[in-house]
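# Overview (structure and organization)
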Amino acid sequence: MDNSAQIDYWNGPAGQKWVRDADRLDKMLRPFLDAVIGAGKPRAGEIVTDIGCGGGALSLEVAGKGAIATGVDVSQPLIDVARRRAAVSAPGTRFVVADASDWIPETAADLIVSRFGVMFFADPVRAFSNIRKGVAPGGRMAFVCWRPLAENEWALAPIIAAMPFLREAPKSPEPGAPGPFAFGQREHIDRILTQAGWRSIRISSWDGLIELPGAAAPETAEFMLEIGPLSRTISEQGLDPVKIRDALVARVQSLADAEGRTRLKAATWIVEASA
Ligand SMILES: C[S@@+](CC[C@H](N)C(=O)[O-])C[C@H]1O[C@@H](n2cnc3c(N)ncnc32)[C@H](O)[C@@H]1O
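Read on for a plain summary of the structure. Please read all numbers here as calculations on a predicted model, not as lab measurements. In this convention, every chain numbers its residues from 1, walking through the sequence in written order. Local features are withheld for residues below a pLDDT of 70 in this predicted model, meaning they are given only at 70 or higher, and side-chain atom pairs are given and counted only at 80 or more; totals for whole chains, interfaces and linings count all residues. Only hydrogens and water are set aside; all other atoms, that is, all heavy atoms of the structure, feed into the side-chain values.

## Here's the deal with the sheet that holds strand β1 (residues 47–51)
Think of a sheet as strands paired side by side through backbone hydrogen bonds, with each pair either parallel or antiparallel. The following threshold applies: Strand pairing requires that DSSP identify at least two bridges connecting the strands. Counting from the N terminus, the helices are DSSP H or I runs at least four residues long and the strands are E runs at least two residues long. Lines fitted to the C-alpha atoms define the axes, with helices restricted to the stretch that makes contact. Angles between their N-to-C directions range from 0 to 180 degrees. Note on definitions: a residue-residue contact is assigned when non-hydrogen atoms from the two residues lie within 4.5 Å.
With mixed pairing, the 7 strands of this open sheet are ordered in space as β3-β2-β1-β4-β5-β7-β6. Each edge of the sheet is formed by a strand with only one pairing partner; in this case those strands are β3 (94–97) and β6 (199–211). Strand-to-strand twist in this sheet, taken as the mean axis angle between neighbours without regard to direction, amounts to 20°. Examined bridge by bridge, strand β2 (residues 68–73) and β3 share 4 bridges and lie parallel to one another. Looking across to β3, one finds that Gly 71 is bridged to Phe 95. The sheet strands contacting helix α6 (residues 76–89) are β2 and β3, and the helix crosses β3 at an angle near 170°. The sheet strands contacting helix α9 (residues 186–195) are β5 (135–146), β6 and β7 (263–274), and the helix crosses β6 at an angle near 140°.

Put into structure tokens, the structure is as follows:
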């Protein structure tokens, strides 16, 4: 089993969309960056690895705490974004294009962190065993991952709005198949990390509202067509997003608050473990 499908995905059009939307995504996902920092508590001088770092927001936050951060990601375009950002704010931060399933750092890390970057491994036990090998004795890990799609209104609402225009209902992925919701089940995460040799595993729920990008409904709908599960369904089924847009704008309008902000329910796991 290899990760070539995900490597292609994150280096292709999806990766480019994440590049274009990097700043807006970071704003939307800020609460989870804070949650990972709160769980991992990086300290000055510590060596920290950020798995699936994307555009590098978490690595740069860790560096801002005085830690020495390395971000690892399979996506060259996203690593380019991270390097550009680091050149401005944290030149000591390193970014590496590599598959975290087989990459080992030169110096073992005190802390592994990730914001939604660990759910894409074809063989998660192998990946997390390898990640553990890159951790110093007594080292720790803190990451955030999505709970099931059904509990995440920000992802489900656009799909429901688009349902009349889909060729078929989106297929449920095989349990545990790589993808944003692969770590939805607590028992699944616990089993993977235990088999990979991690100890003192703690999995707690984080529930809250996240604000979707866009000052008004059409802009938010455009974002939903670009990024997230609806966008994946559109490309899998070869649909024309223009045909879905009006229904989506109407749905977003009905969900927006009095100020026109679209704040929807998000449900995640905050996972902590020791090497
Ligand atoms: C949902 S994005 C999150 C990006 C970033 N952590 C953030 O919060 O903005 C998932 C990231 O995981 C990366 N990724 C997927 N499979 C990977 C692997 N095997 N090794 C390293 N990174 C991987 C993708 O390229 C992508 O940047």
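## A look at the layout of surface pockets
Basically, it comes down to this: For each structure, a 1 Å grid was placed over the protein atoms alone; sets of points admitting a 1.4 Å probe that cannot get out are labelled cavities, open sets with protein on both sides within 12 Å along at least five of seven lines are labelled pockets, and lining residues have an atom within 4 Å of a point. Grid points are joined across faces, edges and corners, and a volume is the space filled by probe spheres set on the points. Just so you know the grouping, Ala, Val, Leu, Ile, Met, Phe, Trp, Tyr, Cys and Pro go in nonpolar, Asp, Glu, Lys and Arg go in charged, and all remaining residues, Gly too, go in polar.
Roughly 860 Å³ of volume is contained in the largest pocket. Lining of the largest pocket is provided by 28 residues; of these, Leu 149, Lys 171, Ser 172, Pro 173 and Phe 181 occupy positions nearest its centre. Within the residue set of the lining of the largest pocket, elements represented by two or more residues are α8 (153–162) and α11 (229–237). Residues that form the lining of the largest pocket fall into these classes: 15 nonpolar, 8 polar and 5 charged.

## Observations regarding the packing of α8 against helix α12 (residues 241–255)
Note the threshold: Roughly parallel means an angle under 35 degrees; roughly antiparallel, over 145; roughly perpendicular, 65 to 115; everything else is oblique. Take the far helix as the reference: if the near one is turned anticlockwise from it by less than a right angle, the crossing is left-handed, and if turned clockwise, right-handed.
Here α8 crosses α12 at 135°, and the two axes come no closer than 8 Å. As summarised for this structure, α8 and α12 are arranged oblique, according to the angle between their axes. Handedness of the crossing formed by α8 with α12: right-handed. Residue-level inspection shows Glu 153, Ala 157, Pro 158, Ala 161 and Ala 162 of α8 in contact with α12, the latter providing Ile 244, Ala 247, Leu 248, Arg 251 and Leu 255. Taken together, the residues of the contact of α8 with α12 break down into 8 nonpolar, no polar and 2 charged.

## Some points on the side chain of Thr 268
The residue Thr 268 is located in strand β7 in this model. Filtering out sequence-adjacent residues up to four positions away, Thr 268 remains in contact with Phe 32, Phe 116, Val 144, Cys 145, Trp 146, Arg 147, Ser 204, Ser 205 and Trp 206.

## Observations regarding the site of the ligand
Threshold: Nearness is defined per residue: one heavy atom within 4 Å of the molecule or strand is enough. Each polar contact in these results corresponds to two N or O atoms within 3.5 Å; when the atoms are within protein, one needs to be able to donate a hydrogen and the other to accept it, and residues that are neighboring in sequence are counted only if both atoms are side-chain atoms. Throughout, a molecule is located in a cavity or pocket provided that more than half of its atoms lie within 2 Å of its grid points.
The immediate surroundings of the ligand are formed by 18 residues, with Gly 52, Asp 73, Asp 99, Ala 100 and Arg 115 found nearest. The separation between a nitrogen atom of the ligand and a polar main-chain atom of Ala 100 is 3.0 Å. For the ligand, the cavity whose grid points lie within 2 Å of the majority of its atoms is the largest cavity. Among the residues making up the shell around the ligand, the classes are represented as 10 nonpolar, 5 polar and 3 charged.

## Notes on the pattern of salt bridges
Think of it this way: side chains of opposite charge can pair up when their charged atoms draw near. Using the following cut-off: Counted as salt bridges are all cases of a side-chain nitrogen of Lys or Arg within 4 Å of a carboxyl oxygen of Asp or Glu. With a 1.4 Å probe rolled over the protein chains alone, any residue whose accessible area is under 20% of its type maximum counts as buried; one over 50% counts as exposed, and the rest are partly exposed.
This model, assessed by the stated rule, comprises 17 salt bridges. Measuring nitrogen to oxygen at the nearest pair gives 2.6 Å for the salt bridge that ties Arg 115 to Asp 26. Taken together, the positions of Arg 115 in strand β4 (residues 109–115) and Asp 26 in helix α3 (residues 22–28) put the pair 89 residues apart, joining distant regions of the chain. Across this residue pair, the class does not change: Arg 115 and Asp 26 are buried.

## Remarks on α12
The periodicity of an α-helix, 3.6 residues per turn, causes residues three or four places apart in sequence to face the same way. What counts here: Expected span of a helix: the number of residues minus one, times 1.5 Å. Fitting one axis to the seven residues ending at a residue and another to the seven starting there, the bend at that residue is the angle between the two axes.
With 15 residues, α12 ought to run about 21 Å at 1.5 Å a step, and its terminal C-alpha atoms sit 20 Å apart, in line with that. Approximately 30° is the largest bend angle found in α12, and it occurs at Ala 247. Every buried residue belonging to α12 is among Ile 244, Leu 248, Val 249 and Val 252, and all of these are buried. Residues of α12 that are buried make contact with α8, α10 (217–226) and α11. Structurally, the start of α12 carries an N-cap: the backbone nitrogen of Val 242 is 3.0 Å from a side-chain oxygen of Asp 240.

## Some points on the packing of aromatic side chains
For any two aromatic rings, the description comes down to two numbers: the centre-to-centre distance and the angle of the planes. Convention followed: Only rings of Phe, Tyr and Trp enter the pairing, Trp through its six-membered ring, and a pair is recorded when the two centres are within 6.5 Å. The plane angle decides the type: under 30 degrees is stacked, over 60 is edge-to-face, the rest tilted.
One pass over the structure, following the stated rule, counts 12 aromatic pairs. When the centroid spacing of 5.1 Å and the interplanar angle of 70° are considered together, the rings of Phe 32 and Phe 116 count as edge-to-face. Residue Phe 32 is found in helix α4 (residues 30–40), and its partner Phe 116 is found in the loop between β4 and α7 (124–133); the two are separated by 84 residues along the sequence. Classification of Phe 32 by relative accessible area gives buried; the value is 0%. Their ring planes at 50° and their centres at 6.3 Å tell us that Phe 143 and Phe 183 sit as a pair that is tilted. In this pair, Phe 143 is assigned in strand β5 and Phe 183 in the loop between α8 and α9, connecting sequence segments 40 residues apart. Residue classification places Phe 143 among the buried positions, given a relative accessible area of 1%. An aromatic cluster is built from Phe 32, Phe 116, Trp 146, Trp 154 and Trp 206, whose rings are joined through pairwise contacts.

Any link to function would need more than the numbers given here.
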